[in-house]
Amino acid sequence: MIEQDVVCPFCGCLCDDLEIETDGARIVRVKNGCSLAEATFMNDTRLPAPIRRTEAGWEEISYDEAISETAEILREADRPLLYGWSSTHGETQSIGVHIAELIGAVIDNTSTVCHGPSILAIQEVGHPGCTLGQVKNRADVIIYWGCNPVEAHPRHMSRYTTFATGFFVPEAQRERTVIVVDTRRTDTTNIADEFVQIEHGGDYAVLSALRAIVRGKAHVIPASVAGVAKEQLVRIAEICKNAKFGAIFFGLGLTMSRGKYKNVRNAIELTDELSRHTKFVISPLRGHGNVYGSNEVFTWMTGYPFAVDFARGIAFYNPGETTAVDILRRGECDAALIVASDPGANFPRAAAAHLAKIPTVVIDPHVNATTALSRIHIPCTAAGIDAAGTAYRMDGIPIRLKKVIDRGYPDDAEILRKIYDRLDGGMGP
Amino acid sequence: MTELWVKNACVIDPIRGINGEIMDIAIRDGRIVESVSDRADVIDAHRCLTLPGGIDSHTHVSGTKVNFGRYMSPEDMRAGRTKRRGKMHVTSGYYVPTTFGNSYRYSAMGYTTLLEGAMAPLEARHTHEEFTATPHQDMLANTLFDGNWAVMDAVREHDVRKAAAVVAWTLNAARGYAIKLTNPGGTEAWGWGDDLTSIHEQVPHFAVTPAEIITTLIQANELLRLPHSVHLHCNNLGKPGNYQTTLDTFELVPDLNPARQSLYATHVQFHAYGGGTWRNICSKAEEITRSINSKPQIVMDMGQIMFCRTMTMTADGPMEFNLHCLHHNKWSNHDVELETGSGIIPVTYSKKSAVNCIMWAIGLELALLTKSPWQCLLETDNPNGAPFVKYPEIIGLLMSKRYRDEECATLHAETEKRTSLWALERELDWHEIAVMTRAGQAKALGIASQGKGHLGIGAEADIAIYPIRTDMVDPAREYRKVVEGFQKTRYTIKRGRVVSRDGEIIVDGANATFWVNAKVPEDIRMENDKEFIRRFEQFYTVRMSNYPVQDLYLPRGRCIETEAML
């Protein structure tokens, strides 16, 4: 059977034009997807059943047992952490928030190690952005800053920006100027009309220089800023000011390098400055397929996009204190539930090491590095493959992920609802 | 079968012409009936003021931009927070509360139905997800068409039928309720960083004017027999001198529907400014209300501002950018491909600002100068003018000249010279307030026939019982009691269940979402229109098949079907 217009759940692009061929129980072919999409749908190896660590190694246990024990671990904990959420659908995220509220836990999502700094910057100065279709149909200047979409978001350029045919940009490749800012050459810089190579940690200075030039203060700029010649900066400022519609996309090269959220703030303020000359927008390139959805769901339920601490009864937010990495690094947390993410692979060593010291439960379709640190791993459906649900694209557009096959696994929302019921019983989420 | 008997209620039910009668209300299975058995639960209202559940016909509580208002404002989330308690979830926020915060606080004030003021169809799924998490009010969504490419193409081709067909398809796909135009044409221009300054200026690249968009969609709206009229946020919001644009717009409106208005003009306070700069801005409420008083085909709402810190959020992207250039605070913008725009900035309305004081006075003038309360409804464009929790204060101000005088004495000295508020003696009565907070909304939205906004036999049993004895309170003098009384009902009843008692939510919510399916003839359905499909697939960034909102996003969807006259 061939299903059309399938949504790829892997990255924040949520491309929704895939064609998936199944033979009932298996996916046999993926069309239109990038290599990451193909791997997502085709290399989908899962545990057959929940497993628990024993002195002698792993043992298989029933779902009931795994769920009971997880509920027990959470009930016993003084400072539980519920982390992850970005590769599953909104219903699961919503139940996660209700569990956190019920037991006074900290709940955090993967923004904490990716675009958390972007959120802090937005909370200071706002976010002038738009949906990706605005860029596709209008933009004649595209800037990729501190990111490598060719490898990380392979279809971003062909679906939404550089190579996409837009209503006002019918000959995309000829009509769009692409500027790439990075510290090194990548496959993305190879496509650039202007490659701006800056020294490590130089983003803030370069953004400040561009702001000054756009403001008409080019005379205060030295001959070179963080390795970038003044002439190039002046030229880029001119390209931006003369654009009909300019769009900046940025990645972890900006958020996680020296300056962190101040870099992003500076980039937003450059966008603001350019908006006084022409149309300009800026957007983070979000990684996990539904990380933006976890921000959205957390926000309408608790008021905050990530790092929410319910220990006081109310929702409390203080990134740096209530963020997962910090709770773990301080050794504060005494139990962890990890859903739809892999902190074992991308948290700092001290934080990951603490996960191994405490009872950690993983609910995830796939075995990953966190499994090795955990006490229990409960396999479940993968949103967008064998479970349907809502995901939010990197620009905020809500899309319904489809279920293309049935593999007989329980939905992670179902598992969490059972955990919730064991913890409370009274009030349905 | 569940039964409830409310006895000794002092009922004001304007749609049925009841004004302060002491009577009993019988409820069975969520609806009002003639009588109930003696097994019914009994509530003794003790002759307290009993009204149909409150209806907000223009509020921003759910969806992309509201949630972004929360997202960017941890400072506001800290400003109002409550713990989980009984049936109540944790809440955060004061001027953009979390969904549960909105729902509980509206319920405590006796509100049972809300119209979300602006939903971009492309992001409709988000709005509906938040509706589900706003459990104690029935919800309806204004659906944005101000910059809709297919609509503008039809307008340019003078094809009203086609415009109607696009609207019908989109409302169905978005599970929307009504046509909303926010700065028509201006939001498309903002796609290039521009705006339109007159209703006769052409939208770049589309060769249509706001006036043409407005008049075409007013006609299309009636062809589709939609329950509500076109819901318009006029061009030039917030600009000194904009009253002329507003009057010009009102002149365009024909009287097409005997049952209700043909145009709903929202937050008109923001559109009633004279002068030409911020230095000489003045009130043109008299001119605006003179027009309204002579045009029964138009209903407006106040767009009252109150002195406080709040958040402005609208699909009117260019307006928000202009405001940002004045305030220099944080600014968010979110344009939506082929459809509309939006912007968000926080503001503080201060008594030290002459402009803010004049705005405050204009809103009240509009309400006091409009002869029929059915034509000027009470709201703040929540949270743009003020968070909705300020409504009771506005009621107090409208009912008491003394209260207004006391407030006016604290305002910027320029206010008296540039508005006529000081001279207005009118004090609204209980009946007029009931019209302006529920009956008028039900009629304007076209939901009285769905059993909303009145307490007739068969109506939905949405009822608010306030701790106010109208025979014992003189609102002109004891306005504090009025304000306090409207802040917290003794009972809010939603579909026959007591959901809130003395401000405390006591049950899980089970709201419904109303939406409209306007059926158009096969030959002009957009899903059969090859050119529409081609352009959709080429220029949107989601596939057409993935665009419509699935039914499961409306767990208690209530579809109103209409047969279009096409």
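Residues numbered from 1 in each chain as written. Chains lettered and ligands numbered in written order. Predicted model: local features only at pLDDT ≥ 70, side-chain atom pairs only at ≥ 80, totals over all residues.

**A short note on the overall build of chain B**
Along the backbone of chain B there are 18 helices and 26 strands. Summarising its shape, the C-alpha atoms of chain B cover approximately 65 × 60 × 45 Å along the three principal directions. Here the analysis covers contacts within chain B between residues at least 6 apart in sequence; of these, 78% occur between residues at least 24 apart. (Helix = DSSP H or I, 4+ residues; strand = E, 2+ residues; numbered from the N terminus. Contact = placed C-beta atoms within 7 Å.)

**Focus on the nonpolar core**
Soluble globular proteins tend to pack their nonpolar side chains together in the buried interior. Counting 322 residues, the largest nonpolar core has A:L210, A:A267, B:A164, B:V167, B:A168, B:L217 and B:L366 as the members making the most contacts within it. When residues of this core are assigned to their parent elements, the largest contribution, twelve residues, is made by helix α12 (residues 354-369) of chain B. Each of two domains, domain 1 (47-113 + 289-423) and domain 2 (116-284) of chain A, supplies a minimum of three residues to this core. If sequence neighbours within four positions are ignored, B:L217 has contacts with B:F145, B:A163, B:I179, B:L181 and B:V230. (Core = buried A, V, L, I, M, F, W, Y, C linked by C-beta atoms within 7 Å. Buried ≥ 20, exposed ≤ 12 C-beta atoms within 10 Å, placed from the backbone. Domains from an automatic or database assignment.)

**Digging into the interface of chain A and chain B**
In this complex, chain A contributes 53 residues to the contact, which on the side of chain B involves 47 residues. Where the side of chain A that touches chain B is concerned, the elements lending two or more residues are α3 (90-103), α4 (116-125), β8 (128-130), α5 (132-138), α13 (291-302) and β22 (398-401) of chain A. Of the residues that constitute the side of chain A that touches chain B, the class distribution is 21 nonpolar, 19 polar and 13 charged. One ladder, built from three bridges, connects β8(A) with strand β18 (residues 332-335) of chain B; its direction is parallel. Each residue of the ladder has a partner; that of A:C130, found in β18(B), is B:D335. (Nonpolar A, V, L, I, M, F, W, Y, C, P; charged D, E, K, R; others polar. Pairing = 2+ DSSP bridges.)

**Digging into unusual backbone geometry**
Residues and elements named next belong to chain B. With an omega dihedral of -5 degrees, the bond running from N382 to P383 counts as a cis peptide bond. By the secondary structure assignment, P383 is in the loop between β20 (376-377) and α13 (391-399). Here the phi dihedral of R47 falls at roughly 60 degrees; this positive angle occurs in a residue that is not glycine. Among the structural elements, R47 can be located in the loop between β4 (41-44) and β5 (49-52). Non-glycine residue H328 carries a positive phi angle of around 55 degrees. Take H328: it is sitting in the loop between α11 (317-327) and β18. Its 9 C-beta neighbours within 10 Å are what place H328 among the exposed residues.

**So, the pairing of strand β11 (residues 178-182) of chain B**
Residue and element names in this part refer to chain B. Counting buried positions along β11 yields five of five residues, so the element is predominantly enclosed. Side-chain alternation along β11 places A178, K180 and T182 on one buried face and I179 and L181 on a second face that is also buried. Both strand β10 (residues 138-144) and β11 contribute to a ladder of three bridges, which runs parallel. Its bridge partner being in β11, L144 is matched across the sheet by K180. Where β11 meets strand β12 (residues 230-233), three bridges bridge the pair, whose relative direction is parallel. Bridge pairing links K180 to H231 in β12.

**Remarks on helix α9 (residues 203-214) of chain A**
Residue and element names in this part refer to chain A. With twelve residues, α9 extends 16 Å from end C-alpha to end C-alpha; this agrees with the ideal 16 Å at 1.5 Å per step. Among all positions in α9, only D203, Y204, V206, L207, A209, L210, I213 and V214 are buried. Here the buried face of α9 lies against β12 (224-225), β13 (228-229), α10 (230-241), α11 (252-255) and α12 (261-274). Of the residues trailing α9, G216 is marked for its positive phi of about 85 degrees. (Expected span 1.5 Å × (residues − 1).)

**Focus on the confidence of the model for chain B**
Taken as a whole, chain B shows an average pLDDT of 97; of its residues, 100% reach a score of 70 or greater. Listed scores for the predicted complex are pTM 0.98 and ipTM 0.97. (pLDDT = per-residue confidence, 0-100.)

**Remarks on the sheet that holds strand β17 (residues 316-317) of chain A**
Residues and elements named next belong to chain A. The nine strands are arranged β5-β4-β20-β19-β18-β6-β7-β16-β17 in an open sheet whose pairing can be described as mixed. Since the sheet does not close on itself, it has two edges, and those belong to β5 (57-60) and β17, each with one partner. Pairing of strand β19 (residues 360-363) with strand β20 (residues 376-378) involves three bridges; the strand directions are parallel. Across the sheet, the residue bridging to V361 is I376, located in β20. On the sheet, α3 packs against β6 (80-84), β7 (106-109), β16 (308-309) and β18 (335-339) and is oriented at approximately 165 degrees with respect to β6. Against the sheet, α13 touches β7 and β16, its axis set at about 145 degrees to β7. (Axes fitted to C-alpha atoms, helices over the stretch in contact; angles between N-to-C directions.)

**Here's the deal with the sheet that holds strand β11 (residues 194-197) of chain A**
All names here are of chain A. Reading across the sheet, the five strands line up as β11-β10-β9-β14-β15 and stay open at both edges, with parallel pairing between neighbours. Every interior strand has two partners, whereas the edge strands, β11 and β15 (279-284), have only one. Neighbour-to-neighbour, the strand axes of this sheet turn through a mean angle of 15 degrees, independent of strand direction. Here five bridges tie strand β9 (residues 141-145) to strand β10 (residues 177-182), and the two strands are oriented parallel to one another. If you follow I142 over to β10, its bridge partner there is V178.

**What to know about the environment of B:L226**
Residues and elements named next belong to chain B. As for its placement among the helices and strands, L226 is situated in the loop between α8 (210-223) and β12. Separated by 49 residues in sequence, L226 and Y177 place their C-alpha atoms 8.3 Å apart. Excluding residues that lie within four positions of it along the chain, L226 makes contacts with A178, I179, N221, V516, A518 and T562.

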